[in-house]
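Structural description and commentary
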Amino acid sequence: RQYMDSSGNVGIGTSSPIAALTVNGQVRASGSLGYTFNSPGDTDGGMFSPSDGVILFKSNGTERLRIDSSGNVGIGASSANSSRLRLDNGGTSGAPQLMLTATGASTQTEIRHDTSNNLIFENWNSGRTERMRIDSSGRVGIGTS
């Protein structure tokens, strides 16, 4: 059930641990601090459950992603606000954006919401090229801003 090899690696459910702790089977952990995944001395990132049914991920001491009890996901936001997926700028400068990239493609497509409430669709190759914009009045521009 539990095994420790000559180098100090511990195996639970295995007699061949490949790391300091190797578990073969399900793991259940509890505690108020959460579960950190870090290198020695790095204590500001990990996965946490601040309340029942909620999971959040932090990096560099800041919440980056939250899954609420309904399965809604907020990235850069501490709440998904009843949206299946919410992207926010996370309090940093700039607006939220979504980058779509096909495997092996040299061009990426970005959808972003700028600080003037415009929805902008751009292609990235060697730089940004705006392809379409829906402005804050609802007007659509294709090939023009």
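Here the structure is shown first, and the text comes after it.
The model shown is predicted, which means the values in this text are computed figures rather than measured ones. (Residues numbered from 1 in each chain as written. Predicted model: local features only at pLDDT ≥ 70, side-chain atom pairs only at ≥ 80, totals over all residues. Heavy atoms only, no water.)

1. Topic: the side chain of D114
Within the fold, D114 resides in the loop between strand 10 (108-113) and strand 11 (119-124). Of the buried charged residues, D114 lacks a salt bridge, with R133 as the closest side chain of opposite charge at 4.1 Å. Of the polar contacts made by the side chain of D114, one reaches the backbone nitrogen of S116; its length is 2.9 Å. (Helix = DSSP H or I, 4+ residues; strand = E, 2+ residues; numbered from the N terminus. Buried < 20%, exposed > 50% of the residue type's maximum accessible area, 1.4 Å probe, protein only. Lys, Arg positive; Asp, Glu negative; His and termini not counted. Salt bridge = Lys/Arg side-chain N within 4 Å of Asp/Glu carboxyl O. Polar contact = N/O pair within 3.5 Å; in protein donor to acceptor, adjacent residues only side chain to side chain.)

2. Points about the pairing of strand 11
The pairing of strand 10 with strand 11 spans 6 bridges and is classified as antiparallel. Along strand 11, the bridge assignment pairs E110 with E122. Following strand 10, the chain reverses through 5 residues before pairing antiparallel with strand 11; N117 in that reversal takes a positive phi of roughly 65°. In this structure, strand 11 lies alongside strand 12 (residues 128-134), joined through 6 bridges in antiparallel fashion. Bridged to E122 within strand 12 is E130. (Pairing = 2+ DSSP bridges.)

3. Section: the pairing of strand 5 (residues 55-59)
Looking at chain direction, strand 4 (residues 46-48) and strand 5 are connected through 3 bridges and run antiparallel. Each residue of the ladder has a partner; that of G46, found in strand 5, is K58. From the end of strand 4 to the start of strand 5, which pair antiparallel, there are 6 residues, and G53 there has a positive phi angle of about 80°. Pairing analysis gives 5 bridges linking strand 5 to strand 6 (residues 62-67), with the strands arranged antiparallel. The partner of I55 across the bridge, within strand 6, is I67. Between strand 5 and the antiparallel strand that follows it, strand 6, lie 2 residues; N60 among them carries a positive phi value of about 55°.

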